[in-house]
Amino acid sequence: MNILSFESTCDETAVAVVQDGRKILTDQIFSQAKLHAVYGGVVPEIASRSHVEAISLLTERALETAGLTRADIDAVAVSYAPGLIGAVLVGVNFAKAVASVLKVPLIPVHHIRGHIAANYLAFPELEPPFVCLAISGGNTLIIDVRDYTDMHILGATRDDAAGECFDKTARVLGLPYPGGKPIDDLAQGGDDTMYVFPIAHVEGRPYDMSFSGLKTAVINLAHHAEQTGEELDRASLAASFTKAVSDSLVPRTMQAVKELGYKRLAVAGGVAANSRIRKDFHDAAEREKIDLFIPPLKLCGDNGAMVGAQGYYEYLAGTRAGSDLNAYASMDVSQNYTQSV
Ligand code: KG4
């Protein structure tokens, strides 16, 4: 079954065709990062307009590169939540039009479920149940993936997402947006013990996280250095900051895997590209004898193929949308789409 899939929830316009949820036939991505870099973050209005400009051309290119025609498409899938509402609406409306013209089913996909499903593309052997840590620019969640479309949130950030924290820290250090990769690169030469940052714990909620205190600590450190004329060791600051993020994520997630008695752990989302976090998870998984799944870098960030992968399993579960499908800025990952057709 070939699913044509669309992703437009933030600053990537992406169109893919995925076969039977596991095989990428084409994955076309247009990143708007350069358009937003000058503003130091994503400008929603610019994001929406850019999606409108790119989505038709990307769709044509996707079919062309895969050597497919419209007749080869069996269904259309689209990220319908969560995200920047104007941006999500572009993908949703385009997908509705395409499904209607092709007379194929329309499958709504939760964006975070898509990130989780990026692992199905990279690892054919991976099947639920497993624990997944989803770490992106807008979300930080520890999820019990009981089945392909049966998910339960074990813990979440109470404030900033991990990716947001990377982006804000990068800004303080004068690094470009999005800041995750530049911080990753800068941290390579640093001493991660030079600066000590707080790791938050939420009373009675062992799997919940908080990153706003860490963000504030970095800002305060930078301001203090500026006022006193102290020279900061930027590489060590980046390394110490990344260590603090990793120490917030890794032990908690491993604890969740242990408590549920699972033997499989997946990590997903843009921040899963971080080299320190990947290494810490690999070390922890080896120690605990857990099978670890982290997608290759190109499948960590937003892409269309992940939507097609999850779309397949949503299709098998009977999820369908009609022409009344709407876009949503926020939505719980455990919530299944309420059928309208
Ligand atoms: O999943 P994603 O592409 O978009 C969302 O759905 O939010 O994640 C984007 C986030 C950004 O905050 C970016 O700075 C972060 O992923 N990121 C990284 C790295 N590469 C991207 N964070 C840490 N280290 C990286 N290497």
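Basis of the calculations
Going along each chain's sequence as written, the residues are numbered from 1 onward. In keeping with the predicted nature of the model, local features appear solely for residues at pLDDT of at least 70, side-chain atom pairs appear and are counted solely at 80 or more, and the whole-chain, interface and lining totals rest on all residues. The side-chain quantities take in all heavy atoms of the structure and omit both hydrogens and water. We define proximity as follows: a residue is near a molecule or strand when any one of its heavy atoms falls within 4 Å of that partner. By the criterion applied in these results, polar contacts are pairs of N or O atoms within 3.5 Å in which, for protein atoms, one can donate a hydrogen and the other can accept it, and in which residues neighboring in sequence qualify only through two side-chain atoms. The helix and strand labels rest on DSSP assignments: H or I over at least four residues marks a helix, E over at least two residues marks a strand, and numbering proceeds from the N terminus. The nonpolar class holds Ala, Val, Leu, Ile, Met, Phe, Trp, Tyr, Cys and Pro. Asp, Glu, Lys and Arg form the charged class, and all remaining residues, Gly among them, are polar. These domain limits were set by an automatic method or by a database of domain assignments. Whether two residues touch is decided by their heavy atoms; if any such pair falls within 4.5 Å, the residues are in contact. Side-chain rings of Phe, Tyr and Trp (the six-membered ring for Trp) are treated as a pair once their centres are within 6.5 Å; stacked means planes under 30 degrees apart, edge-to-face means over 60, and tilted covers the remaining angles. Summary of the burial criterion: residues with accessible area below 20% of their type's maximum are buried, those above 50% are exposed, and those between are partly exposed, where the area comes from a 1.4 Å probe applied to protein chains only. A pairing counts as a salt bridge when a side-chain nitrogen of Lys or Arg comes within 4 Å of a carboxyl oxygen of Asp or Glu. Only when DSSP finds a minimum of two bridges between them are two strands counted as paired. Between the N-to-C directions of two axes lies an angle of 0 to 180 degrees, each axis being a line fitted to C-alpha atoms and, for a helix, fitted only over the stretch in contact.

Asks: With reference to specific residues and values, describe the site of the ligand.
Replies: As a structural note, the neighbourhood of the ligand is formed by 20 residues, with Gly 137, Asp 167, Gly 180, Gly 270 and Asp 302 the closest of them. Within the side chain of His 115, one N or O atom sits 3.2 Å away from an oxygen atom of the ligand. Mapped onto the shell around the ligand, the elements with two or more residues apiece are helix H4 (111-122), helix H5 (162-172) and helix H6 (180-187). Along the lines of polarity and charge, the residues of the shell around the ligand split into four nonpolar, 12 polar and four charged. Split by domain, the residues of the shell around the ligand number at least three in each of domain 1 (2-116 + 300-316) and domain 2 (125-294).

Asks: Can you break down the side chain of Gln 32 residue by residue, with the values?
Replies: Structurally, the position occupied by Gln 32 is in the loop between strand S3 (23-31) and helix H1 (33-37). Gln 32 has contacts with Cys 10, Asp 11, Thr 13, Ile 46, Ala 47, Ser 50 and His 51, leaving out every residue within four places of it along the chain.

Asks: Got a sec to walk through the packing of aromatic side chains? Specific residues and values, please.
Replies: According to the stated counting rule, one finds 10 aromatic pairs in the structure shown. Here Tyr 80 and Tyr 337 contribute two aromatic rings whose centre-to-centre distance is 5.4 Å and whose plane-to-plane angle is 90°, an arrangement assigned as edge-to-face. Taken together, the residues Tyr 80 in strand S4 (residues 75-81) and Tyr 337 in the segment after helix H11 (305-316) connect sequence positions 257 residues apart. Arranged with centres 5.0 Å apart and planes meeting at 65°, the rings of Tyr 120 and Tyr 148 form a pair that is edge-to-face. One end of the pair, Tyr 120, is in helix H4; the other, Tyr 148, is in the loop between strand S7 (140-147) and strand S8 (150-156), and 28 residues separate them in sequence. With a relative accessible area of 0%, Tyr 120 lands in the buried category. Taken together, the ring pairs in this structure connect Tyr 120, Phe 130, Tyr 148, Tyr 312 and Tyr 313 into an aromatic cluster.

Asks: So, the pattern of salt bridges: which residues are in play, and what are the values?
Replies: Enumeration according to the criterion identifies 13 salt bridges in this entry. Between Lys 215 and Asp 160 there is a salt bridge, with its nearest N and O atoms 2.8 Å apart. Here the residue Lys 215 occupies a position in helix H7 (residues 212-228), and Asp 160 occupies one in the loop between S8 and H5, the gap between them amounting to 55 residues. Taking relative accessible area as the criterion, Asp 160 reaches 9% and is therefore assigned buried. Across the salt bridge formed by Lys 243 and Asp 247, the nearest N and O atoms sit 2.6 Å from each other. Here the residue Lys 243 and the residue Asp 247 both occupy positions in helix H8 (residues 234-260), the gap between them amounting to four residues, near one helical turn. According to the relative accessible area criterion, Lys 243 is partly exposed, its value standing at 27%. Assessed through its relative accessible area of 27%, Asp 247 is described here as partly exposed. Linked through salt bridges whose partners overlap, the residues forming this network are Arg 158, Arg 205 and Asp 208.

Asks: Describe the pairing of strand S5 (residues 106-110), listing the residues and the values that go with them.
Replies: For S5, the tally of buried residues reaches five of five residues, placing the bulk of the element in the interior. Where burial is concerned, the two faces of S5 agree: the one with Leu 106, Pro 108 and His 110 and the one with Ile 107 and Val 109 are both buried. As paired strands, S4 and S5 are joined by five bridges and run parallel to one another. By the bridge assignment, Ser 79 is partnered in S5 with Val 109.

Asks: Explain the sheet that holds strand S2 (residues 12-19) to me, and be specific about the residues and the numbers.
Replies: In space, the five strands of this open sheet follow the order S3-S2-S1-S4-S5, with mixed pairing throughout. Strand pairing shows two members of the sheet lacking a second neighbour, S3 and S5, which therefore form its edges. Pairs of neighbouring strands in the sheet enclose a mean axial angle of 20°, with direction left out of account.

Geometric descriptors of this kind do not, in isolation, establish any biological role.
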